[in-house]
Structures are given as C-alpha cells and as structure tokens.
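# Structural overview
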Amino acid sequence: MKESDKEMYLLHAQMPGFRRKVQQSIEIIQEFLRISRNPYIAWSTGKDSTCCVGLVRQVANVPAVHLDNGVELPGTAETREKMDNVIHHIAEAPFLDLMEQYGFEARELRKENFVRAFEQKYDFDGVILGLRAEESRARILNAKNGPIYKKKDGIYVCCPILYWSVRDVFAYLLSNELPIHPHYLLDSAQPLEERRVGGFISSRNRGAEMGRFVWLRQQYPNVFQMLAERFPEIKKYV
C-alpha cells in the first residue's frame, strides 16, 4: 500500500457519507446483539473481518474466532496477536493432511464442517461476517437476505459492512489504527481490491479457479514450493 493510498483513505474517513455508513453499521450490530445471545465474529485477519471486529467492539466485546486449519498466509499469526479477546480455534485435522487423504475437492474438506464443529463446541448462536456484496456475484445474491438473517441450522447471521466499498474498509482500518495484515502491504502488481487473506488453498480447488496458485508462487515462493512438493498436480495451474 502506497503512502498516497493511505492519505486517500484517511481523507475518505472524514467524509460525512462514510461516517453515516459507520453509524448505520453500528445500528445493525446493535439490532443483531438484541437477538443473538452468544455471538462471535468470524475473523480471518483479513481487511473485511478486521473491520467488523473494530465496529463490533465499539458496541460490545464480542469474541473474534480465528479458525486455523494449517493453511494460513505468512503474517496471519502476527496479525492475530494484535487483537484481544480472540479464540484461536485449531482444527483437529490439518487441511493438507485431509487433502492427501480425500483429494482436492472432497466433501470432507468443506469449510462448513469446521465451522459447525466450533459453533457447537462454544454454543454460539450467532455469527458476524465481513461479507461485502461487491466482492462477488454470489455475495450479491446473498445480500438479498439483508444484513441480518437466520440460517436453516438456527444460527443468526449479521453482515454489518454488506454495502461497504474497499475504500470504506481501509478508511475505517487506518482511521481507527486497526491491524492490517501484511499481505495488503506487499509491493505487488496485484490490485489491492483483489487481495484475499485466508487459506492459501481451499476446498473445491478454488486455488486454481481464482488464480491463487499463480500469485502464491510469485509472492510466497517458499509456501508454493512446500505445497508443490506435497501436491505436484498444482504445477499445471501456474
């Protein structure tokens, strides 16, 4: 992130329109906390979920849950340590071990399996997500549910930044001095709005679909080399 970008975001944080968005998000969170008795914030340490942690903590000290399945980008642990009231939930079976056992696209690797396990362990009945409609077509469709809804499994969902832009997110992070994952600070040709923090590989072979293996080799060559040694088939995607 360039210094000129930081200046732009901090200037945006002073705009009345942005401040209205922050207030609207806080009101959404307040409404959600009236219906969810034991919620948590799903925190990947990425920009959007970190923004949610900051917003929620303006209202209540809701725990942030970081699901660690062993495929986190470098810098994730350091970012996690910068926030308090964090539940670091380590998956019982490392994701790469499951991949070796079941294959790239096995149903056993689905993220919802891990999520369901820790929600039951901690008796959570609500989750706050950093989903933004502009990120993908699927999230635009999901936005039809509104910022607060209840899933079929009974879990309440809150998406307080559903209609925020990337500029809104970084304006909030910088103006509130919240931790920013080093992945966003890399000197890279990859546009800031396209950078994602989370697992460097996931189920449904999304690493290939999203070109993730390409930038993984460019930006984190040691991680890519480790992955290619265990799964030589990923080389065909780069």
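The structure we're discussing is the one just above.
Figured I'd write up the structure that's included with this text. Nothing here was measured: the structure is a model prediction, and the numbers come from that model.

### A closer look at the overall build of the chain
A count of helices and strands for the chain gives 11 helices and six strands. Residues counted as buried form 50% of the 238 residues belonging to the chain. Counting contacts in the chain only where the partners sit at least 6 residues apart, residues at least 24 apart contribute 67% of the total. Per element, the accessible surface of the chain, about 12400 Å² overall, is 48% carbon and sulfur.

### Quick word on the pairing of strand β3 (residues 86-90)
Of the two faces of β3, the one lined by I87 and H89 is fully buried and the one lined by V86, H88 and I90 carries no buried residue. Direction of pairing for strand β2 (residues 64-68) relative to β3: parallel, over a ladder of five bridges. Paired with H66 across the two strands is H88, which belongs to β3.

### A closer look at the sheet that holds strand β4 (residues 126-128)
Strand pairing in a sheet is mediated by backbone hydrogen bonds. Such pairs are either parallel or antiparallel. Strands sit in the order β3-β2-β1-β4-β6-β5 across an open sheet of six strands; the sheet is mixed. Across the chains shown, the open sheet's two edge strands, defined by having one partner strand only, are β3 and β5 (148-150). Neighbour to neighbour, the strand axes of the sheet diverge by 30° on average, direction disregarded. Taken together, the three bridges between strand β1 (residues 39-42) and β4 define a ladder with parallel strand orientation. Bridge pairing links Y40 to V127 in β4. The strands touched by helix α2 (residues 16-35) are β1, β4, β5 and β6 (156-158); relative to β6, the strand with the most contacts, the crossing angle is about 170°. Packed onto the sheet, helix α3 (residues 47-57) meets β1, β2 and β4 and runs at close to 145° relative to β1.

### Some points on the side chain of E119
Structurally, E119 is set in helix α6 (residues 111-122). Despite its burial, E119 pairs with no opposite charge; the closest candidate is K151, at 4.7 Å N-O. Filtering out sequence-adjacent residues up to four positions away, E119 remains in contact with Y40, F124 and I155.

### A few points about the nonpolar core
Membership of the largest hydrophobic core comes to 35 residues, with the highest contact counts inside it found for I41, C51, L55, W164, F170 and Y172. When contributions to this core are tallied by element, the ones reaching two or more residues are α2, α3 and α8 (166-175). Residue contributions to this core peak at seven residues, all from α8. For W164, the residues in contact, after removing those within four places along its chain, are F18, K21, V22, S25, C51, L55, R132, E134, V169 and Y172. By size, the runner-up hydrophobic cluster in this structure holds 34 residues, among which are A91, V115, Y149 and V223.

### Details of the pairing of β2
Within β2, five of the five residues are buried, which leaves it mostly tucked inside the rest of the structure. Neither face of β2 is left uncovered, since the one carrying A64, H66 and D68 and the one carrying V65 and L67 both have all their residues buried. As paired strands, β1 and β2 are joined by two bridges and run parallel to one another. For I41, the partnering residue across the bridge sits in β2 and is A64.

### Considering α8
Counted residue by residue, α8 has eight buried out of 10 residues, so it is predominantly covered. For α8, the secondary structure elements touched by its buried residues are α1 (3-12), α2 and α3. Immediately downstream of α8, the backbone of E177 shows phi near 55°, a positive value.

### Overview of the environment of A42
Here A42 lies in strand β1. Its relative accessible area of 25% is what places A42 among the partly exposed residues. A42 sits 22 residues away from A64 along the chain, and the two C-alpha atoms are 6.1 Å apart. Other than its neighbours up to four places away in sequence, A42 contacts S49, V65, V127, I128 and L129.

What counts as what
- Residues numbered from 1 in each chain as written.
- Predicted model: local features only at pLDDT ≥ 70, side-chain atom pairs only at ≥ 80, totals over all residues.
- Heavy atoms only, no water.
- Helix = DSSP H or I, 4+ residues; strand = E, 2+ residues; numbered from the N terminus.
- Buried < 20%, exposed > 50% of the residue type's maximum accessible area, 1.4 Å probe, protein only.
- Contact = heavy atoms within 4.5 Å.
- Areas by Shrake-Rupley, 256 points an atom, 1.4 Å probe, with all protein chains shown as cover.
- Pairing = 2+ DSSP bridges.
- Axes fitted to C-alpha atoms, helices over the stretch in contact; angles between N-to-C directions.
- Lys, Arg positive; Asp, Glu negative; His and termini not counted.
- Salt bridge = Lys/Arg side-chain N within 4 Å of Asp/Glu carboxyl O.
- Core = buried A, V, L, I, M, F, W, Y, C linked by side-chain atoms within 4.5 Å.

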